[in-house]
Structure formats: C-alpha cells, structure tokens
Amino acid sequence: MHSGYRIGFGYDVHQLSQSRKLILGGIHIPSEKGAIAHSDGDVLIHAICDALLGAACLGDIGIHFPDNSSQFKDIDSKLLLQRVIELIVAEGFSIVNIDSTISLQRPKLKDFIPEMQRALAPILNINSNSISIKATTTEKLGFIGREEGISAHAIVLIEKKD
Ligand SMILES: [Zn+2]
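Figured I'd write up the structure that's included with this text. (Residues numbered from 1 in each chain as written. Predicted model: local features only at pLDDT ≥ 70, side-chain atom pairs only at ≥ 80, totals over all residues. Heavy atoms only, no water.)

Quick word on the packing of aromatic side chains
As a reminder of what qualifies: Aromatic rings from Phe, Tyr and Trp, with only the six-membered ring used for Trp, were paired whenever their centres fell within 6.5 Å, and each pair was classed as stacked if the ring planes differed by under 30 degrees, edge-to-face if by over 60, and tilted otherwise. For each residue, the accessible area found with a 1.4 Å probe, counting protein chains only, is set against the maximum for its type, and the residue is called buried under 20%, exposed over 50%, and partly exposed in between. Sitting over a ring, as applied to charges here, requires NZ of Lys or CZ of Arg to be within 6 Å of the ring centre and within 35 degrees of the ring normal.
By the definition in use, this model includes one aromatic pair. The interplanar angle of 85 degrees and the centroid separation of 5.3 Å between the aromatic rings of Phe65 and Phe72 together place this pair among those described as edge-to-face. On the accessibility criterion, Phe65 (11% relative accessible area) is buried. Lys160 extends its terminal NZ or CZ atom over the ring of Phe93, reaching a point 4.8 Å from the ring centre.

Laid out in structure tokens, this is it:
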C-alpha cells in the first residue's frame, strides 16, 4: 500500500518584453523577448514550484516569495526552486517525476530541453529522465500566439516514505 503519494499541479504566465532576457528551465535562451517579472521570470520553474507546493499542500509561490519583497527582485528562480525543495523535504517528501509543457510561439525550444533537464536535475535531486519538459506553440492563437506572453503548466508526483 502506497498511501504516501501526492500529486500537484502548477500554472504560470508572464508577459513578454524586448527589454528582457528569456530565462527558462534555469538556462538563458537566445530570444528577441523575455519575461517581465519581479524575479528572472522563469515561467517553467515557477510552474514547477507551484506544483510541488500544491502536492504538499503548502500554498503557492506568491505566499512564499512575495513579489513586493526587494529580497526576490531579479532573483535567479533556481534559488526559489531550491527553497521549495527544502520545504517539501522538510515535510518528508521526495519527487517521483515531473511533467511539464511550455507554451511559446517563438523561438523553438526543442533543442534547449536537454540543457534545461540537466540544469534542473541536481536541484530537484532526480534524474533528467524523470523531468519531462515539452514545448508547444498555440498556432499563433491568443496572447501566446501574438508573442505577448509565455506560459507553463507542470504536474508533479511526490512520495512520502514511511
Ligand atoms: Zn512566474
């Protein structure tokens, strides 16, 4: 009997601007536009953080890292993820696997996914092959398609060992 499994879901959106760098999955991706945010705007990491917090029923990223705090201004989101991992580990959980999808019209992300997996694996303390990252456009529809924004969905399974 495995009563210690918990599932969590996370979703995040940021507006895009030509004045910002695109940081995704912990790496810099060459792009004409990047995410406007209080932090570095890493929409994938933010969705993963919310999924992890959701699985452990620990609130959301906005509760733990308020966007009016100067402490988190332009912060590397990998540090936020590290802090979230500390919170769920303190509750006795470890991660089983993560699945995620980034929605972005341009640039194509496929070639950057292995590097994102390698960047996230040591923080999440799981193998790269347990971190699924997918990318899609929205066929030029909506705010993603108009290149006004970027979004990410993430789902995570965590386990508490007795
Ligand atoms: Zn965010």
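So much for the structure itself; the text now carries on.
What about unusual backbone geometry?
Let me state the cut-off plainly: Note on conventions: DSSP H or I runs of at least 4 residues are helices, E runs of at least 2 residues are strands, and numbering of each starts at the N terminus.
Cis geometry marks the peptide bond from Arg106 to Pro107, where omega comes out at -10 degrees. Residue placement: Pro107 occurs in the loop between β5 (93-103) and α4 (113-124). Even without being glycine, Asn125 reaches a positive phi, approximately 60 degrees. With respect to the helices, strands and loops of the structure, Asn125 is situated in the loop between α4 and β6 (131-136). Even without being glycine, Lys140 reaches a positive phi, approximately 65 degrees.

Considering helix α3 (residues 77-90)
Convention followed: For a helix, the expected span equals 1.5 Å multiplied by the number of residues minus one. For this quantity, the arc is that covered by the directions from the helix axis to the C-beta atoms. Throughout, a residue-residue contact means that at least one pair of heavy atoms, one from each residue, lies within 4.5 Å. Definition of a polar contact: a pair of N or O atoms within 3.5 Å, with one able to donate and the other able to accept a hydrogen when the atoms are protein atoms, and with sequence-neighbouring residues admitted only if both atoms are side-chain atoms.
In this model α3 runs 20 Å from its N-terminal to its C-terminal C-alpha over 14 residues, within 8% of the 20 Å that 1.5 Å per residue would give. Looking at α3, one finds that the buried residues are Ser77, Leu80, Leu81, Val84, Ile85, Leu87 and Ile88. In an axial view of α3, the angular spread of the buried residues amounts to 160 degrees, which keeps them on one side of the axis. In α3, those exposed residues whose orientation departs by more than 90 degrees from the buried face are Leu79 and Ala90. Looking at the buried side of α3, the elements it contacts are α1 (43-55), α2 (61-64), β5, α4 and β7 (149-160). Here α3 starts with a cap whose side-chain oxygen sits 2.8 Å from the backbone nitrogen of Lys78, and that cap is Asp76. Count one or two residues on from α3 and you reach Gly92, which has phi positive near 90 degrees.

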